[in-house]
Amino acid sequence: QKEVEQNSGPLSVPEGAIASLNCTYSDRGSQSFFWYRQYSGKSPELIMFIYSNGDKEDGRFTAQLNKASQYVSLLIRDSQPSDSATYLCAGYDKVIFGPGTSLSVIP
Amino acid sequence: GAVVSQHPSWVICKSGTSVKIECRSLDFQATTMFWYRQFPKQSLMLMATSNEGSKATYEQGVEKDKFLINHASLTLSTLTVTSAHPEDSSFYICSAPGGASGNQPQHFGDGTRLSIL
């Protein structure tokens, strides 16, 4: 069964620090991975997607994919209180979501 | 960018009522749409895949007679929760793929918060 695993947290980091969020997946055939941010009571919003091995950077966000290890991560640099949310990792297939990691950025 | 409109955003009704939730793709055609359910403090759980012009594909454990899905056009999918009970209270979210390629993200509706009394 295809699964996406995440550390549910909560993860707390001080403002300005780097937040590191991790995700592992079971399906070696998965080609694309997506990171979404979800505020309480709201729908998910896309942060980044990655489908090639290595790093992809977009502003303060960097996604890293290692297909051999079946591992994808998201780094948030200079974390801000507004980054406090639940972060969901998803593989494309049927858009199966991980359980999400709750991030709290402390001012 | 692509927009998915979901309506209503909030429903409160009595036990035994049937509730219909609509999901529309506003500026693109969606042959496939996904329906999710999310309980508090939990992740999104895929309920079913809605296919335009054919039957929906339900995930294991989801009652197809309880959650009726209709995808009659390329821009509209509906989810009807029949004879809703308090345990059906949840946040329901629809989404549509951004494209046929697996590299495109989902476009999400704003969700429907359903409360059954």
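For the structure itself, look to the data block above.
Residues numbered from 1 in each chain as written. Chains lettered and ligands numbered in written order. Predicted model: local features only at pLDDT ≥ 70, side-chain atom pairs only at ≥ 80, totals over all residues. Heavy atoms only, no water.

*Asks:* Help me understand the overall build of chain B in this model?
*Replies:* The helix and strand inventory of chain B stands at zero helices and eleven strands. When the helices and strands of chain B are read in sequence order from the N terminus, they spell out β-β-β-β-β-β-β-β-β-β-β. A compact globule built from 117 residues would reach a C-alpha radius of gyration of about 13 Å, and chain B, at 14 Å, matches this within 12%. Expressed as lengths along the three principal axes of its C-alpha atoms, the size of chain B is roughly 40 × 25 × 25 Å. Here chain B holds 117 residues, and 50% of them are scored as buried. Long-range contacts, defined as pairs at least 24 residues apart, comprise 52% of the intrachain contacts of chain B with a sequence gap of at least 6. As displayed, chain B offers around 5,800 Å² of accessible surface, 50% of which is attributable to carbon and sulfur atoms. Taking the average location of the 9 positive side-chain charges in chain B and that of its 9 negative ones, the two points are 5 Å from each other. (Helix = DSSP H or I, 4+ residues; strand = E, 2+ residues; numbered from the N terminus. Rg over C-alpha atoms; globule rule 2.2 N^0.38 Å. Buried < 20%, exposed > 50% of the residue type's maximum accessible area, 1.4 Å probe, protein only. Contact = heavy atoms within 4.5 Å. Areas by Shrake-Rupley, 256 points an atom, 1.4 Å probe, with all protein chains shown as cover. Lys, Arg positive; Asp, Glu negative; His and termini not counted. Charge placed at Lys NZ, Arg CZ, Asp CG, Glu CD.)

*Asks:* I'm lost on a nonpolar patch on the surface in this one. Help?
*Replies:* Residue and element names in this part refer to chain B. Together, Trp10, Ile12 and Leu117 give the surface a local cluster of nonpolar side chains, amounting to about 380 Å² of exposed area. Here Leu117 is to be found in the segment after β11 (112–116). For Leu117, a relative accessible area of 65% corresponds to the exposed category. (Patch = residues over 30% accessible without salt bridge, like charges linked within 9 Å, V, L, I, M, F, W, Y side chains within 5 Å. Salt bridge = Lys/Arg side-chain N within 4 Å of Asp/Glu carboxyl O.)

*Asks:* Can you walk me through the pairing of strand β1 (residues 4–7) of chain B in this structure?
*Replies:* A regular strand carries its side chains on alternate faces of the sheet. Residue and element names in this part refer to chain B. Residues Val4 and Gln6 of β1 are buried on one face, while the alternating residues Ser5 and His7, pointing to the opposite face, are not. Sheet topology places β1 next to strand β3 (residues 19–25); four bridges connect them, and they run antiparallel. The residue bridging Gln6 from the neighbouring strand is Cys23, located in β3. (Pairing = 2+ DSSP bridges.)

*Asks:* What is the right way to read the interface of chain B and chain A from this model?
*Replies:* The accessible area lost on association of the parts is a frequent measure of interface size. Across the contact, 22 residues belong to chain B and 19 residues belong to chain A. A buried area of about 1,500 Å², summed over both sides, lies between chain B and chain A, and 55% of it is on carbon and sulfur atoms. Summed over the shared surface of chain B and chain A, the number is five residue pairs in polar contact (both at pLDDT 80 or more). Breaking the side of chain B that touches chain A down by element, the ones donating at least two residues are β4 (32–38), β9 (90–97) and β10 (106–108) of chain B. (Buried area = accessible area lost by both parts, 1.4 Å probe. Polar contact = N/O pair within 3.5 Å; in protein donor to acceptor, adjacent residues only side chain to side chain.)

*Asks:* Sorry, what's going on with the side chain of Ser95 of chain B here?
*Replies:* Residue and element names in this part refer to chain B. Within the secondary structure, Ser95 is located in strand β9. Side chain to side chain, Ser95 and Gln106 meet in a polar contact 2.9 Å long. Once you skip the residues sitting within four places of it in the chain, Ser95 turns out to touch Met33, Phe34, Tyr36, Gln106, His107 and Phe108.

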